[in-house]
Amino acid sequence: MDKQQQLQFIGSGEGFPIVWIHGFPLAAEIFRPQLDIPGYRHIAPDLPGFGNSGPFETDEVSMDDYAACVLSLLDQLSIGRALFAGVSMGGYILFAIAKLARERAAGLILIDTRAGADSDEGERKRYETIAAVKENGTKVVIDQMLPKMLTPGTLASSDPARTITERVMLQASERGCIGALRAMAGRPDSSELLTSLDLPVLIAVGAEDTLTPPADSRFMADKISGATLLEIPNAAHLSHLERPEKFNDGVTGFLKRHRIG
Ligand code: MLT
C-alpha cells in the first residue's frame, strides 16, 4: 500500500525556508500569524487527511510516514535544507525528520510538544478514541480536543484563535484522525535523540498548556545542548496562535541569534 500522499500547503514569503507542521486534529491554517514573519519562505503543509490534503490509503501509518510526506513535498519544491517548526504532533514528526534526514534540518522549533512516547494508558485511550470516531465520526475528537487547545478566556471569546481552531477541526476527516491517532499511539520515545541534536533548537510552550505542560518542555530543554526555552504566559496548547506577538518575537530573536537564513 502506497503511503505517500501529495500534500497541499500554504506558502508565503521569500528567503530561507521555514516549514510549519501542524498538530492533531488541525491544519496548516493554524500558522496564519507566523506566515508573514518577514525575510523567510514559509511552507505550511496540511498533513494527510487534514485541511485540503487527502488521507493516506491505509490507517497503518507511523510518524515516519508523515515525515516522508513532508520531505517529499520539499523535494518537489526543490528545497534541500529548511528550518522545521512543529506543534504537538507536528513536534513528533520533527523528531522523525531529525532521525531520518538530520542533514536537511537547519534548526528546530518545538512548540507545545513532548519527547516521550504514550503510556500504556495513553495508548489505550487512543484506540478507544479510534473506535468512537469509527462509530460517531470526528465530533468526539473535536469535543475532546477543542477545550484543551486554548485558555478558557480565549475559548469564551470571538478571538480569531478560537475561530480558526474550530474551523480547521471541523475540516478533519475520519481517516485523517484515525491514522494520526494510530501513529501517535505507536510513536517511539525520542528522549535519547534529544541529547544528539547538535543544531539550533527553540522550545516554546504555553504556560497554561495541560496537554503537553511546561514540564515536558523543560525536560527537552535540559537534554538539548544550547536550546532556548520560551514560556508564553496566558497561553494553552496552541501558544503560537493564541499569543502570536510573543511567539513571533521569540522566533525572530532565535533566527537572528543563530543567523538562520
Ligand atoms: C496534538 O495537539 O497534536 C495532540 O494533542 C498530541 C497528542 O495528543 O499527543
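What you see is a predicted model; the values in this text were computed from it and never measured. (Residues numbered from 1 in each chain as written. Predicted model: local features only at pLDDT ≥ 70, side-chain atom pairs only at ≥ 80, totals over all residues. Heavy atoms only, no water.)

Asker: I tried to follow the environment of G39 on my own but got confused; where do I start?
Answerer: Examined against the element boundaries, G39 turns out to sit in the loop between β2 (16-21) and β3 (40-45). Since its relative accessible area comes to 54%, G39 is described here as exposed. For G39 and G15, which are 24 residues apart along the polypeptide, the C-alpha to C-alpha distance reads 5.6 Å. (Helix = DSSP H or I, 4+ residues; strand = E, 2+ residues; numbered from the N terminus. Buried < 20%, exposed > 50% of the residue type's maximum accessible area, 1.4 Å probe, protein only.)

Asker: How should the pattern of salt bridges be read in this particular structure?
Answerer: A pair can form between side chains of opposite charge whenever their charged atoms are brought close. One pass over the full model with this rule turns up 13 salt bridges. The partner of K125 in a salt bridge is E121, with the nearest N and O atoms 3.8 Å apart. One end of the pair is K125 and the other is E121, both in helix α3 (residues 120-136) and four residues apart, which spans about a single turn. Taking relative accessible area as the criterion, E121 reaches 39% and is therefore assigned partly exposed. Between E166 and R162 there is a salt bridge, with the nearest N and O atoms lying 2.9 Å from each other. One end of the pair, E166, and the other, R162, are both in helix α6 (residues 160-171), four residues apart, so they sit about a helical turn from each other. (Salt bridge = Lys/Arg side-chain N within 4 Å of Asp/Glu carboxyl O.)

Asker: Looking at this model, I keep getting lost on the site of the ligand. Mind explaining?
Answerer: Around the ligand lies a shell formed by G23, F24, S88, M89, Y92, R114, R126, M145, M184, L211 and H237. In this structure, S88 approaches the ligand through a side-chain N or O atom, which is 2.9 Å from an oxygen atom. When its residues are assigned to classes, the shell around the ligand shows six nonpolar, three polar and two charged. (Near = heavy atom within 4 Å. Polar contact = N/O pair within 3.5 Å; in protein donor to acceptor, adjacent residues only side chain to side chain. Nonpolar A, V, L, I, M, F, W, Y, C, P; charged D, E, K, R; others polar.)

What is shown is where atoms sit, not what they do.
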